[in-house]
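# An overview of the molecular structure
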Amino acid sequence: MDERIREAFQQVRAGEALKQRTRAYLAQRTRGRPAAPAGRRRLAPVLACLLVMAVLGGGSWLYFVPTASIDIDVNPSLELRINRFDRVLSVEGYNDDGRELADSLDVTFWDYNDAVEAILESDTLSALLAGGEVLTITVAGSDQVQCGKILSDMESCTAGRQNARCYAAAADDVAAAHDLGLTYGKYRAYLALRALDPDVTPEEVRDMTMRELRDRILTLSPGGEAESGASGHHGWGGGYGHRWGAATP
Amino acid sequence: MRSEQEVDTAIERYADMVRRLCMVHLKNEADTEDIFQTVFLKYVLSSAAFESPEHEKAWFIRVTINACRDLLRSIFRRRTVSLDEVLETPAPADPDHREVLEAVLSLPGKYRDVVYLHYYEGYTAPQIGRLLGKNVNTVYTLLTRAKQLLRERLGGDGGNG
């Protein structure tokens, strides 16, 4: 069977017309742009080697110290720890679904954009999001410049997803969330829900989906009622709703 | 920006592979042409320095798969089409090739990348895991299940892969 598959794919080729149209398109798009000297690109591997040597030569702490985090909440709840070079150092699940998803991924040392894209496109999350579940991404960290850039990238990454929200958070607030065993997205929802239902516990919130949390908050809010369809960017009641990328109060 | 000669070389070297990845993901020729433009324009403008031909090939695979996924996310692009359209007319003349491609394309989307990368490009499960950002055990599971499904559709022993 291996050989049959290989031979069948071998029959599929790019036609000359397609190649020519691609060349014409590239010529049109790049007209007037000078080609970069090849030498500059040849230097890149050398510079990369020097960087590696510098890192191995005593600066490894620079690489392996997380400077930002990206929390992803749907119901799998995950946290990506990011270093100052925008690389993923670790992926941690914050509930059973999150741990299962984290175990199925191998994005360590990836650029965070590629990693988040791969996570959102994973079979688990793409199926949940297609089913109308709510996605919350929270960015936190000590470096405001880096966090601003990550938040902006996350907004671009989720642009077009009607049921996604992106937030920035202070590192202290994220630490408070982690003390309760929650990602920051769930923690915010927990605080909003607790204001309406003092009996709710972090353990209860941990395994609820963001959509369930949102619907419960809306139901308990004065005059609120849970929506049945996909949400827009409405508030969640009780002052919980925010615009895209709104900073943490 | 890369020179015209570099781009020509890349098109000759990778156009067939990009075309096959497009076939695995996309529905028609217009979408395939969009992907060709996106992928090779990214290459032209990219300043990435490749350590080896394998590194460059892996870059093309990842960029092509990501571009296909981005395109498919646009709900306006989603529509059902016949296999003839997927394969672009004329379809492969050999009935066996056609039957095999029909079987591969009828697999759920999550299996098709790994089938192509393993059976045609010869990547191992760990290599596919690194390319697609999936855990290697997940890739083994996908390959095993894909092999079962293909065996059901095509008969045979499932090969040694």
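Anyway, here's the lowdown on the structure attached to this text. Since this is a predicted model, take the numbers as computed values, not measurements.

## Some remarks on the overall build of chain B
A count of helical and extended segments in chain B gives eight helices and zero strands. The secondary structure elements of chain B, listed N-terminal to C-terminal, are α-α-α-α-α-α-α-α. Burial statistics for chain B: of 161 residues in total, 52% are counted as buried. Partitioning the contacts of chain B with sequence separation of at least 6, the portion at a separation of at least 24 is 64%. Of the roughly 7400 Å² that chain B leaves accessible, carbon and sulfur atoms contribute 48%.

## A short note on the packing of aromatic side chains
Taken as a whole, this structure holds 13 aromatic pairs over all chains when the rule is applied. Measuring from centroid to centroid gives 5.5 Å for Phe40 of chain B and Phe60 of chain B, while their planes differ by 45 degrees, and the two rings are tilted. Taken together, the residues span a long stretch of sequence, with Phe40 of chain B in helix H2 (residues 29-45) and Phe60 of chain B in helix H3 (residues 53-73) at a distance of 20 residues. Exposure class is identical for Phe40 of chain B and Phe60 of chain B. Each is buried. Here the aromatic rings of Trp59 of chain B and Phe60 of chain B are separated by 5.1 Å at their centres, their planes lie at 85 degrees, and the arrangement is edge-to-face. An identical accessibility class is assigned to Trp59 of chain B and Phe60 of chain B; each is buried. Each member of the aromatic cluster is reached from another via a ring pair, and the members are Tyr14, Phe36, Phe40, Tyr43, Phe50, Trp59 and Phe60 of chain B. Geometry around Tyr167 of chain A places Arg188 of chain A over its ring, the cationic atom sitting 4.4 Å from the centre.

## Digging into the sheet that holds strand E5 (residues 164-169) of chain A
All names here are of chain A. Taken in spatial order, the five strands line up as E3-E2-E1-E4-E5 in an open sheet, and their pairing is mixed. The two strands at the open ends of the sheet, each matched to only one other strand, are strand E3 (88-93) and E5. Taken over all neighbouring pairs, the strand axes of this sheet differ in orientation by 15 degrees on average, direction set aside. In the sheet, strand E1 (residues 66-73) pairs with strand E2 (residues 77-83) via seven bridges, with the strands oriented antiparallel. Looking at E2, one finds that Pro66 is bridged to Asn83.

## Some remarks on the interface of chain B and chain A
Interface size is often expressed as the accessible area that is lost when the parts come together. Facing 57 residues of chain B, the contacting portion of chain A comprises 40 residues. Note that Arg4 of chain A is salt-bridged to Asp96 of chain B, the shortest N-O span being 2.6 Å. The tally of links from chain B across to chain A stands at 15 residue pairs in polar contact (both at pLDDT 80 or more). Secondary-structure elements contributing two or more residues to the side of chain B that touches chain A are helix H1 (4-25), H2, H3, helix H5 (95-105), helix H6 (109-120), helix H7 (125-132) and helix H8 (136-154) of chain B. Considering each element in turn, the side of chain B that touches chain A owes the most residues, eleven residues, to H1 of chain B.

## Let's talk about the pairing of strand E4 (residues 135-141) of chain A
All names here are of chain A. Within E4, seven of the seven residues are buried, which leaves it mostly tucked inside the rest of the structure. Burial along E4 is two-sided: the residues Leu135, Ile137, Val139 and Gly141 and Thr136, Thr138 and Ala140 are all buried. Pairing of E1 with E4, which is carried by six bridges, proceeds in the antiparallel orientation. If you follow Ile70 over to E4, its bridge partner there is Val139. Crossover E4 to E5 through helix H7 (residues 144-158) is right-handed.

## Describing H7 of chain B
Because each turn of an α-helix spans 3.6 residues, side chains separated by three or four positions in sequence point in the same direction. All names here are of chain B. Taken together, the buried positions of H7 are occupied by Ala125, Ile128, Gly129, Leu131 and Leu132. Across the axial projection of H7, the buried residues extend over an arc of 165 degrees, all falling on one side. Looking one or two residues past H7, Gly133 carries a phi angle of roughly 70 degrees, positive in sign.

## Digging into H6 of chain B
Residue and element names in this part refer to chain B. For H6, spanning twelve residues, the distance from its first C-alpha to its last is 17 Å, which sits close to the expected 16 Å at 1.5 Å a residue. Burial runs high along H6: ten of the twelve residues are buried. Burial in H6 covers these residues: Tyr111, Arg112, Asp113, Val114, Val115, Tyr116, Leu117, His118, Tyr119 and Tyr120.

## Side note on the pattern of salt bridges
Opposite charge on two side chains makes pairing possible when the charged atoms of those side chains draw close. The final tally for this structure, using the stated rule, is 24 salt bridges over all chains. Two residues, Arg62 of chain B and Asp114 of chain A, come together in a salt bridge whose shortest N-O distance is 4.0 Å. Remark: Asp114 of chain A occurs in helix H5 (residues 112-120) and Arg62 of chain B occurs in helix H3; the pair is interchain, linking two chains. Residue class for Arg62 of chain B comes out partly exposed when judged on its relative accessible area of 24%. With a closest N to O distance of 2.8 Å, Arg216 of chain A and Asp197 of chain A form a salt bridge. Taken together, the positions of Arg216 of chain A in helix H11 (residues 210-220) and Asp197 of chain A in the loop between helix H9 (184-196) and helix H10 (202-206) put the pair 19 residues apart, joining distant regions of the chain.

Basis of the calculations
Residues numbered from 1 in each chain as written. Chains lettered and ligands numbered in written order. Predicted model: local features only at pLDDT ≥ 70, side-chain atom pairs only at ≥ 80, totals over all residues. Heavy atoms only, no water. Helix = DSSP H or I, 4+ residues; strand = E, 2+ residues; numbered from the N terminus. Buried < 20%, exposed > 50% of the residue type's maximum accessible area, 1.4 Å probe, protein only. Contact = heavy atoms within 4.5 Å. Areas by Shrake-Rupley, 256 points an atom, 1.4 Å probe, with all protein chains shown as cover. Phe/Tyr/Trp six-rings, centres within 6.5 Å; stacked < 30°, edge-to-face > 60°. Lys NZ or Arg CZ within 6 Å of the ring centre and 35° of its normal. Pairing = 2+ DSSP bridges. Axes fitted to C-alpha atoms, helices over the stretch in contact; angles between N-to-C directions. Salt bridge = Lys/Arg side-chain N within 4 Å of Asp/Glu carboxyl O. Polar contact = N/O pair within 3.5 Å; in protein donor to acceptor, adjacent residues only side chain to side chain. Right-handed = clockwise from strand over helix to strand, strands pointing away. Arc of directions from axis to C-beta. Expected span 1.5 Å × (residues − 1).

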